[in-house]
Amino acid sequence: MEITLLKVHGSMNTFYLLEGPENDHYDQLAVQLAKMDSSVDGLLVVLPSDKGQAKMRVFNRDGSEASMCGNGLRCVARYVCERDGLDEAVIETMKASLAVKKEQPLGDGNAMYAVEISPVSFQLADLPMVYEGNSEWLMKPLPFISEEIAFSAVAVPNPHLIGIVPKAYLQDDSHQKKWAETFNGPNGYFSDGVNVSYVTKVETGIFVKTFERGVGFTNACGTAMTASALISCLSGMVPYGEVTVYNPGGMVKCRVEKEGADFNLALSGNATYLSRHRFEWAEELANSKFLSSETFDEQEDYERFIDKVAVKAKQFV
Ligand SMILES: N[C@@H](CCC[C@H](N)C(=O)O)C(=O)O
C-alpha cells in the first residue's frame, strides 16, 4: 500500500506522521520505520475523531503505544490546523481530548504551537508504579535508585519519573542511562515501564534530559519537560507561571498553573516539517521502501533559532 509520510520534529524529537484510517498494524510500521531511519523516535498517526478535529495515536520506536506525546502533539496540531484552516483545535488522544493552538512564530519564522497537557496525576496507581504501599512519591530519594537524588513520580498521563540532579549527572549521563534502561520496559516497580528525566536548574530556567520508554535517550520529550517544569515549581526551584525548559534539541516554554489542588499545564514550542515521502508499506514489512522524498527548508530556520535563542542548551550536551 502506498502512503504519504511527513517527517516532523518538536525540539528535534523526530517522528514520521501519517494520516490514515484505523489499522491494527501501526505498531509494526513504527518498528519498520525506526529500522530504516535511526533518527526517528516514533510514529504519529492522525485519525478521524468525533471528539475533536482529529485523533492522535503515538507509537514509540519499539512499537509500544504511548497515551500521550507532547512534542508530537504540537506537530499534529500544526498538521490539523493547516489542513482545516484553523488557529485552534481539539485533538483526541488515548486518555483525553486536548486543546491546541497556533502561536506567534518565534525567532526566524518557526511554526510554534501550544498544547494542553492533561490529565495530571501523582497517584502511583496512574503511572502505574508500585513501591512499598505508597500512593504518591514526591521529591524524595528512591533508595532502590539513589539516596542522593530527589525523585517524583507523575502521570501526564504517560508515566514519568523525574529526578532533580546537580549538573554533573547531566554532563555524565551514565547514572541516568543505567537506571532508565533498567526500568524502561515492564518491571516490578513500573509494570508498563517509565520515562526517566534528570533535571537541573540553569540561570534562566531548567534543563531536562530524558531517557524515553520504548526509545532511549532522546533530544527532547514534551510530556517529560512539562512534568519536570511542574516538579520544579512544586519544589520551589522555579516560580509558577511560564518556565523556560532547555533540552538537548532546543528550548520550549511550559506553563504551570496551580488551581486549588489541580494543575493546568501547557507546552509551547516549534513544530517543524523536515520532509515529505511517498512510502510503499509492504505486506512483507522488510520489503517496504521509500519511493520518493521532498525536503522542506524549515530546518535552517530552526537551527538559527537554536543558535540564537536556545544557545544555553548546548552547555550540557
Ligand atoms: N516524546 C514524547 C513522549 C513519547 C511517549 C513516551 N516514550 C512514552 O512511552 O510514554 C513527548 O514528547 O511527550
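Residues numbered from 1 in each chain as written. Predicted model: local features only at pLDDT ≥ 70, side-chain atom pairs only at ≥ 80, totals over all residues.

The name an unreviewed UniProt entry gives the chain is Diaminopimelate epimerase, with Planococcus massiliensis as the organism. Quoted verbatim from the Function (unreviewed entry) heading of the UniProt record, the comment on the chain is "Catalyzes the stereoinversion of LL-2,6-diaminopimelate (L,L-DAP) to meso-diaminopimelate (meso-DAP), a precursor of L-lysine and an essential component of the bacterial peptidoglycan." Listed under Sequence similarities (unreviewed entry) in UniProt, the entry text for the chain is "Belongs to the diaminopimelate epimerase family." (UniProt positions renumbered as here; feature names shortened; annotations may be inferred.)

Colleague: Where do I start with the domain arrangement of the chain in this structure?
Modeller: As a measure of interface size, the accessible area lost when the parts come together is often cited. One can read the domain layout of the chain as domain 1 (2–116 + 270–316) and domain 2 (124–268). Residue-level contacts link 30 residues of domain 1 with 29 residues of domain 2. Sorting the residues of the side of domain 1 that touches domain 2 by element identifies helix H2 (70–84) and strand E8 (110–117) as the ones contributing at least two each. In terms of residue count, E8 provides more of the side of domain 1 that touches domain 2 than any other element does, four residues in total. (Domains from an automatic or database assignment. Contact = placed C-beta atoms within 7 Å. Helix = DSSP H or I, 4+ residues; strand = E, 2+ residues; numbered from the N terminus.)

Colleague: Honestly, the site of the ligand in this entry has me stumped. Any pointers?
Modeller: Around the ligand sit 18 residues, and of these Ala66, Asn71, Asn158, Gly222 and Thr223 come closest. Mapped by element, the contributors of at least two residues to the shell around the ligand are strand E4 (54–60), H2 and helix H5 (222–234). Taken together, the residues of the shell around the ligand sort by class into five nonpolar, ten polar and three charged. Each of two domains, domain 1 (2–116 + 270–316) and domain 2 (124–268), supplies a minimum of three residues to the shell around the ligand. (Near = placed C-beta within 6 Å. Nonpolar A, V, L, I, M, F, W, Y, C, P; charged D, E, K, R; others polar.)

Colleague: Sorry, what's going on with H5 here?
Modeller: One turn of an α-helix holds 3.6 residues; hence residues three or four places apart share an orientation. For H5, with 13 residues, the first-to-last C-alpha span of 18 Å sits near the 18 Å given by 1.5 Å per residue. Along H5, twelve of the 13 residues are buried, which leaves the element largely enclosed by surrounding structure. Remark: Gly236 follows H5 within two positions and exhibits a positive phi of approximately 85°. (Expected span 1.5 Å × (residues − 1). Buried ≥ 20, exposed ≤ 12 C-beta atoms within 10 Å, placed from the backbone.)

Colleague: Please explain the nonpolar core as it appears in this structure.
Modeller: A general trend in soluble globular proteins is that nonpolar side chains are found buried together. Counting residues in hydrophobic clusters, the biggest one holds 95 residues, and the most contacted among them are Leu17, Val76 and Ala77. Looking at which domains feed residues into this core, each of domain 1 (2–116 + 270–316) and domain 2 (124–268) supplies at least three. Residues in contact with Leu17, not counting those within four places in the same chain, are Leu5, Leu6, Val8, Leu44, Val46, Cys75, Val76 and Tyr79. (Core = buried A, V, L, I, M, F, W, Y, C linked by C-beta atoms within 7 Å.)

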